[in-house]
Amino acid sequence: MTVNIAMLGTGSIADDVLAPALQRVAGARLWSVLSRDRDRARAFAQRHGALAPAPVHDVLDTLLADSDLHAVIIAAPDYLHAPHAIAAARAGKHVFTEKPMATGIAEGEAMVRACDDAEVMLAVGYHLRWHAGHRKMLRLIRAGGVGDLHHMRVQWTFQVSDARNWRAQRDTASWWSLSGVGTHCLDLIRWVMVPACGEVVSLASTISREVWHGPNDETAVVALRFASGATAEFCSSVLFAAPSRAEVYGSDGYIRCEDTLTRRAAGSIDTHQGSLEFDVADPYAGEIRDFVAAIENHRKPEVDGREGLRNVELLAQAVASART
Ligand SMILES: NC(=O)c1ccc[n+]([C@@H]2O[C@H](COP(=O)([O-])OP(=O)(O)OC[C@H]3O[C@@H](n4cnc5c(N)ncnc54)[C@H](OP(=O)(O)O)[C@@H]3O)[C@@H](O)[C@H]2O)c1
């Protein structure tokens, strides 16, 4: 069976990254497109070869009424993830949503419930887990390559020139740097640390909003402690651009990733024993391949709704902690 997938949203991640990645996934194809503007949907459908007899939509319910459609990719602003996912689940479609999965805990819980009730998959797009270098790093850590895990540090920032983006507005997003890149830092930390160190048991943060004075974070610095006593920290910002970095420290060594947190499968990784070589593979194709395999094999996707929800809970905790 070929999995027919609709793209909800025609913006940057959908156009530049997700639609091209979908073309690299065997057993799945772009079927239809939702945009607020039919001409934009038509142009997107043509550009990426959407294959439904009627691929162009500006009303979600009409797109979801297509019985040949199996799944949706939600690539719209954060505040639309929950309503889109819940409508898709009720129509019996599997859901892959971009990160963060929701703008609040209640919305995330409602998404999980709707997908459980409808017995459809819910996957969340944390593409850094499919970076071939990160996967090799994880295998090394799980094999004891750095000994007992004690600390992880991650930084990912970018620079904006104004506060007009929907991430900066409270009615379309709950977080700005934390939504753009901080949520990825947090997911990378949880992916590496939680299986070895247990859950996050405490969190403290500081947040600054002093350049544009908007409602959402401009820079966030978050510190975490795990059940084992191991610690982690991450910094996200929209104020300055710098090479991204992730560092893992254990009792017997370290791993340092330089500029691997990007949209590309790029960067370099060093360890206390020298560099870690890895293949270059499109991480976005990896996450969609996992979603399609989960549908075909009736198994959970690697990043499921509960994992996405835990990330949202911690983002909410980071904002609450900064207030106190
Ligand atoms: N995993 C990653 O690496 C990654 C990277 C970037 C973004 N993302 C996530 O992907 C999602 C989309 O981000 P993006 O950067 O692609 O955003 P974007 O460039 O602003 O595109 C979002 C699209 O959503 C549609 N949309 C519907 N209602 C909208 C509204 N009220 N305001 C603005 N757009 C609206 C628009 O398509 P129409 O105009 O056609 O309706 C728009 O082009 C977000 O959840 C973001 O966090 C993930």
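Here the structure is shown first, and the text comes after it.
Computed from a prediction, not measured in an experiment: that's the story for all the values here. (Residues numbered from 1 in each chain as written. Predicted model: local features only at pLDDT ≥ 70, side-chain atom pairs only at ≥ 80, totals over all residues. Heavy atoms only, no water.)

Engineer: Tell me about the nonpolar core, and name the residues and values.
Structural biologist: In this structure, V72, V192 and F226 are the most contacted members of the largest nonpolar core, which totals 74 residues. Each of domain 1 (3-127 + 286-302) and domain 2 (129-280 + 310-323) contributes no fewer than three residues to this core. The contacts of V192, once residues within four sequence positions are left out, are M137, L138, I141, R142, L149, M152 and V248. (Core = buried A, V, L, I, M, F, W, Y, C linked by side-chain atoms within 4.5 Å. Buried < 20%, exposed > 50% of the residue type's maximum accessible area, 1.4 Å probe, protein only. Domains from an automatic or database assignment. Contact = heavy atoms within 4.5 Å.)

Engineer: How would you summarise the environment of H131 if you had to cite specific residues and measurements?
Structural biologist: Looking at where H131 falls in the secondary structure, it is placed in the loop between β6 (122-125) and α6 (132-142). On the accessibility criterion, H131 (1% relative accessible area) is buried. Here the alpha-carbon distance between H131 and T262, two residues 131 residues apart in the chain, equals 9.5 Å. Not counting residues within four places of it along the chain, the set of residues in contact with H131 comprises T260, R264, A265, A266, F278 and P283. Only 2.9 Å separates the side chain of H131 from the backbone nitrogen of G133, close enough to count as a polar contact. (Helix = DSSP H or I, 4+ residues; strand = E, 2+ residues; numbered from the N terminus. Polar contact = N/O pair within 3.5 Å; in protein donor to acceptor, adjacent residues only side chain to side chain.)

Engineer: Let's hear about the pattern of salt bridges: which residues, and what values?
Structural biologist: A complete count under the given rule lists 19 salt bridges for this structure. In this structure, R190 engages E307 in a salt bridge whose closest nitrogen and oxygen atoms are separated by 3.2 Å. Taken as a pair, R190 in helix α7 (residues 177-197) and E307 in helix α9 (residues 305-323) lie far apart in primary sequence, 117 residues in all. We note that R190, like E307, is buried. Across the salt bridge formed by E313 and R310, the nearest N and O atoms sit 2.9 Å from each other. Of this pair, E313 and R310 both sit in helix α9, 3 residues apart, which is roughly one turn of the helix. Exposure remark for E313: the relative accessible area of 22% places this residue in the partly exposed category. Overall, R310 belongs to the buried group, its relative accessible area being 18%. Ionic contacts of the salt-bridge type, sharing partners, join the residues R129, D187, R190, E199, E307, R310 and E313 into one network. (Salt bridge = Lys/Arg side-chain N within 4 Å of Asp/Glu carboxyl O.)

Engineer: Break down the packing of aromatic side chains for me, with residues and values.
Structural biologist: Going through the model one piece at a time under the given rule, you end up with 2 aromatic pairs. For the ring pair W176 and W212, a centre distance of 5.7 Å and an interplane angle of 50 degrees mean the geometry is tilted. Of the two residues, W176 sits in the loop between β7 (149-157) and α7 while W212 sits in the loop between β8 (200-208) and β9 (219-226), which places them 36 residues apart along the sequence. For W212, a relative accessible area of 30% gives the class partly exposed. (Phe/Tyr/Trp six-rings, centres within 6.5 Å; stacked < 30°, edge-to-face > 60°.)

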